[in-house]
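Descriptive analysis of the structure
The primary structure of each chain is shown beneath.
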Amino acid sequence: MKEYNTFKQEENLLIHTRLLDAPKDLVWEVWTNPEHIKEWWGPNGFSLTTKSMSVESGKIWDFIMHGMGRDWDNKIEYVEVKKPSLLTYKHTGAESEDYNFSVSVSFEEVEGKTLLTMKSIFKSKAIIEELNRKVNAIEGGRQTLNRLENYLKLLVESNKQR
Amino acid sequence: MEARRDIFQAIADPTRRAILGLLALHAMTPGAIAENFDSSRQTISKHIQILTECELVKQEQKGREIYYHFNPIKMKEVSDWVDQYRKYWDKKFDSLEDYLAKIQKKKKNKR
């Protein structure tokens, strides 16, 4: 099912697809029910507390992620809600309005499974480039970065052995 | 997330990137760092402070001197943004898949 698991950039969109071995209704359920979403959402090693969640257009999911020794407040505002096929939301409260982006997740039945398509919608292609440029901005540093990469490999290896 | 934004701000400045480049080679005192720049010591120490606050740099007291070290673990957060985003969601979809498999198995067992 490799061809269903894809990632690409089109202009101001980042598009992910994934074929999930589960019925559409169930996939919808695990995206929209706090009891389910805490089991997989958020960075690995983090836990999640939902303060409130109402999956309706204009309503919000207010939650806290716990990890790396602190709490991270998060708010998602639902924009479009078409059960069980389409969910669009945006993260609110980011410092710079320009970097905000919205996400649309659609669920389609394919051969008894569910094809998930996630589109992250940025204000412009330039914003994505800007984000890339910012994080690639380490100058004079190829060597440094190589050293860094090797060092990180070592660290990862030694963590595994523990 | 806030911490990540801090790092982006920290490395957006060319002087701070240069300081990181120096510290990646070996630990240095603030004075030794400042010698590499035309800016005042005060300006450089402000830059070092920002790097310390977002943990790209760590300080260590050795006798009367403070030495600054590059903290490579933190730099791991800084690689190509789109690539990070892709990897992040790939992992999340793996978790989602695993979880879906788990709850469907449970349902079957109940029948």
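With respect to the overall build of chain B
A count of helices and strands for chain B gives six helices and two strands. Burial statistics for chain B: of 111 residues in total, 21% are counted as buried.

Comments concerning helix H2 (residues 14–25) of chain B
Residues and elements named next belong to chain B. Spanning twelve residues, H2 covers 17 Å between terminal C-alpha atoms, matching the ideal 16 Å at 1.5 Å per step. Buried within H2 are the following residues: Arg 16, Ile 19, Leu 20, Leu 23 and Ala 24. For H2, the angular spread of the buried residues around the axis is 140 degrees, confining them to a single face. The exposed residues of H2 that point more than 90 degrees off its buried face are Pro 14 and Leu 25.

Topic: the nonpolar core
Residues and elements named next belong to chain B. Among the nonpolar cores identified, the biggest contains 17 residues, and Leu 20, Leu 23, Ile 33, Ile 48, Leu 51 and Val 57 are the most heavily contacted of them. Secondary structure elements with two or more residues in this core: helix H1 (2–11), H2, helix H3 (30–34), helix H4 (41–53) and strand E2 (65–70). Per-element tally for this core: the top contributor is H2, with four residues.

Looking at unusual backbone geometry
Residues and elements named next belong to chain A. With omega at -5 degrees, the peptide bond leading from Lys 83 into Pro 84 counts as cis. Examined against the element boundaries, Pro 84 turns out to sit in the loop between strand E5 (70–82) and strand E6 (86–91). Look at Glu 111: it is not a glycine, yet its phi comes out positive at around 50 degrees. Here Glu 111 is to be found in the loop between strand E7 (101–110) and strand E8 (113–122).

Some words on the confidence of the model for chain A
Residue and element names in this part refer to chain A. Per-residue confidence for chain A gives a mean pLDDT of 81, with 78% of residues at or over 70. Considering each helix and strand of chain A separately, the mean pLDDT is smallest for helix H4 (residues 142–161), with a value of 49, and largest for strand E3 (residues 47–53), with 95. Contacts for the low-pLDDT stretch residues 137–153, under 50 throughout, to residues beyond four places or in other chains number 19 contacts.

Describing the pairing of E3(A)
Within a regular strand, the side chains alternate between the two sheet faces. Residue and element names in this part refer to chain A. By the bridge criterion, six bridges tie E3 to strand E4 (residues 60–67) in an arrangement that is antiparallel. Bridge pairing in E4 places Thr 49 opposite Ile 64. Two successive antiparallel strands, E3 and E4, enclose a turn made up of six residues, where Gly 58 displays a positive phi of approximately 85 degrees.

Describing the packing of H2(B) against H4(B)
A packed helix pair is summarised by two numbers, namely the angle formed by the two axes and the spacing between the axes. All names here are of chain B. Between H2 and H4, the least distance of the axes is 10 Å, while the angle of their chain directions is 75 degrees. Compared by their axis directions, H2 and H4 come out roughly perpendicular. Between H2 and H4, the residues in contact are Thr 15, Arg 16, Ile 19 and Leu 20 and His 47, Ile 48, Ile 50 and Leu 51, respectively.

What counts, and where the lines are drawn
- Residues numbered from 1 in each chain as written.
- Chains lettered and ligands numbered in written order.
- Predicted model: local features only at pLDDT ≥ 70, side-chain atom pairs only at ≥ 80, totals over all residues.
- Helix = DSSP H or I, 4+ residues; strand = E, 2+ residues; numbered from the N terminus.
- Buried ≥ 20, exposed ≤ 12 C-beta atoms within 10 Å, placed from the backbone.
- Expected span 1.5 Å × (residues − 1).
- Arc of directions from axis to C-beta.
- Core = buried A, V, L, I, M, F, W, Y, C linked by C-beta atoms within 7 Å.
- pLDDT = per-residue confidence, 0-100.
- Contact = placed C-beta atoms within 7 Å.
- Pairing = 2+ DSSP bridges.
- Axes fitted to C-alpha atoms, helices over the stretch in contact; angles between N-to-C directions.
- Parallel < 35°, antiparallel > 145°, perpendicular 65-115°, else oblique.

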